[in-house]
Structures are given as structure tokens and as C-alpha cells.
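Tertiary structure, described
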Amino acid sequence: MELEDIKDKRKKLDEKHYKEIVAEREWENTIKQFNPTAEEEKKLNDYIFDKVQPIHLTLKRHFDRVRPSFLDKSIVPVIRVPAHASYPSGHSTECWSLAFSLSDKYPERKDKYYSIANNIATNRERAGLHYKSDSDYGRLLAKKMLEMVGSENHPLLGHYL
């Protein structure tokens, strides 16, 4: 069913989403969508690279889930397929980490941040790189990791170093 979902999303891929997918290959283009201040961007980068990435990359190695295009040759990704496994989606985990962190600081902007994160994660499905369950687990993982670091070590509200 998830392969069919990807194919359906691919049929609906438009120029706007294609440009986003290409741009979102670069971390700077992803984080800028959330419009953090320079200080927030530094703290969020530290959190993503020091805490979030090592965990989702470890999980990718553990689960070793093949990319959709390896299971179904009719799915031709619109960008180069990353060399690591599919599950969980790193883009989803990272963008939801940004959305949850920023929403804690700016609760009035929560819907905006969640919309950005959802679009970035869905773009990876539109690109043919991820299954929906990869994205869904990325969101759950981001939430759980932020809960685990606790309020004292929150990347924007705590004393995170």
C-alpha cells in the first residue's frame, strides 16, 4: 500500500514541490524555511547534528529498510537516492525536531511550523525516497527525543550546550 501511495504522490508532483525537493537536499535550505533567528539557528543546528542525527542514523543502520525504488522499479526518484537506509526518514526526524522545538518557544506559530515540517517530510515521499511510515516514525522519534532531553536541555528553552 505504501508503494502505491508513493506512486500516487509522484503522479501529483508539481513544479513547486519539485523545486522544494531539490532545494531541501541542502540543510541550510531546510532550516531557513522555519525562519529562526541566528542564535536559534545555531542552537538548533547543534541539537540536530549532536543529538538527532546520530540517533536516526543508528536506527537506519539497525532497521536497514530498502528504499522504495529498490522494491518497485517503476518508482524513479527525482533526486539521487541517499546511500543509507530509508527508515526512519532523517529529513522528517530533523524537520519535526525543528518544528517541535520552535513550537515550544512560539506556541502561537505551532500550526505554521507543523505545516512546514509536514511538507518537507511529504516531499521526500513525493520524491520517491521514503515511505509514509518512514516519515511518520520520524515525527514520533523527533517528539520522543525532545521529551527525553527534558526541559533543562531543550535546544531553545534550556541550557543546552
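Residue numbers run consecutively from 1 along every chain, following the written order of its sequence. Thresholds applied to this predicted model are a pLDDT of at least 70 for local features of residues and 80 or more for the giving and counting of side-chain atom pairs; totals over whole chains, interfaces and linings are not thresholded and use all residues. Hydrogens are left out, water is left out, and the side-chain values use all remaining heavy atoms of the structure.

**Details of unusual backbone geometry**
- Look at the link from tyrosine 87 to proline 88: it is a cis peptide, with omega at -5 degrees.
- In this structure, asparagine 35 takes a positive phi of about 55 degrees despite not being glycine.
- Tracing the backbone through its elements, the reader meets asparagine 35 in the loop between helix H3 (27–31) and helix H4 (38–63).
- Unlike most non-glycine residues, aspartate 64 shows phi in positive territory, near 50 degrees.
- Relative to the helices and strands, aspartate 64 is located in the loop between H4 and helix H5 (68–71).
- In this scheme, a residue with accessible area under 20% of its type's maximum is buried, one over 50% is exposed, and one in between is partly exposed, where area comes from a 1.4 Å probe on protein chains only. Of the residues examined, aspartate 64 reaches a relative accessible area of 56% and is grouped as exposed. Starting at the N terminus, helices and strands are each numbered in turn, a helix being any DSSP run of H or I of at least four residues and a strand any DSSP run of E of at least two.

**Considering the environment of leucine 44**
- With respect to the secondary-structure elements, leucine 44 resides in helix H4.
- In this structure the C-alpha to C-alpha distance between leucine 44 and arginine 80, which are 36 residues apart in sequence, comes to 26 Å.
- We call two residues in contact whenever any of their non-hydrogen atoms come within 4.5 Å of each other. With residues up to four places along the chain from it excluded, the contact list for leucine 44 reads Ile31, Pro36, Leu98, Ser101, Leu102, Pro155 and Leu156.

**Observations regarding the side chain of glutamate 20**
- Note on placement: glutamate 20 falls in helix H2 (residues 15–23).
- Polar contacts, as used here, are pairs of N or O atoms within 3.5 Å; protein pairs need one atom able to donate a hydrogen and one able to accept it. Residues neighboring in sequence count only if both atoms are side-chain atoms. A distance of 2.8 Å separates the side chain of glutamate 20 from the side chain of asparagine 119, its partner in a polar contact.
- Those residues in contact with glutamate 20 that sit more than four places away from it in its chain are Asn119 and Asn123.

**What about the environment of leucine 146?**
- Within the secondary structure, leucine 146 is located in helix H8 (residues 132–149).
- A C-alpha to C-alpha distance of 10.0 Å links leucine 146 and leucine 98, two positions 48 residues apart in sequence.
- Other than its neighbours up to four places away in sequence, leucine 146 contacts Tyr47, Phe100, Ser101, Asp104, His154 and Pro155.

**Observations concerning a nonpolar patch on the surface**
- Here the term patch refers to residues with relative accessible area over 30% and no salt bridge, with like charges joined within 9 Å and nonpolar side chains (Val, Leu, Ile, Met, Phe, Trp, Tyr) within 5 Å. The protein chains shown are the only cover counted for residues, whose accessible areas, like all others here, come from Shrake-Rupley with a 1.4 Å probe. By salt bridge we mean one thing: a side-chain nitrogen of Lys or Arg within 4 Å of a carboxyl oxygen of Asp or Glu. A cluster of nonpolar side chains, namely Val66, Phe70 and Leu71, defines an oily patch on the protein surface of about 310 Å² accessible area.
- With respect to the secondary-structure elements, leucine 71 resides in helix H5.
- With relative accessibility at 57%, the residue leucine 71 sits in the exposed group.

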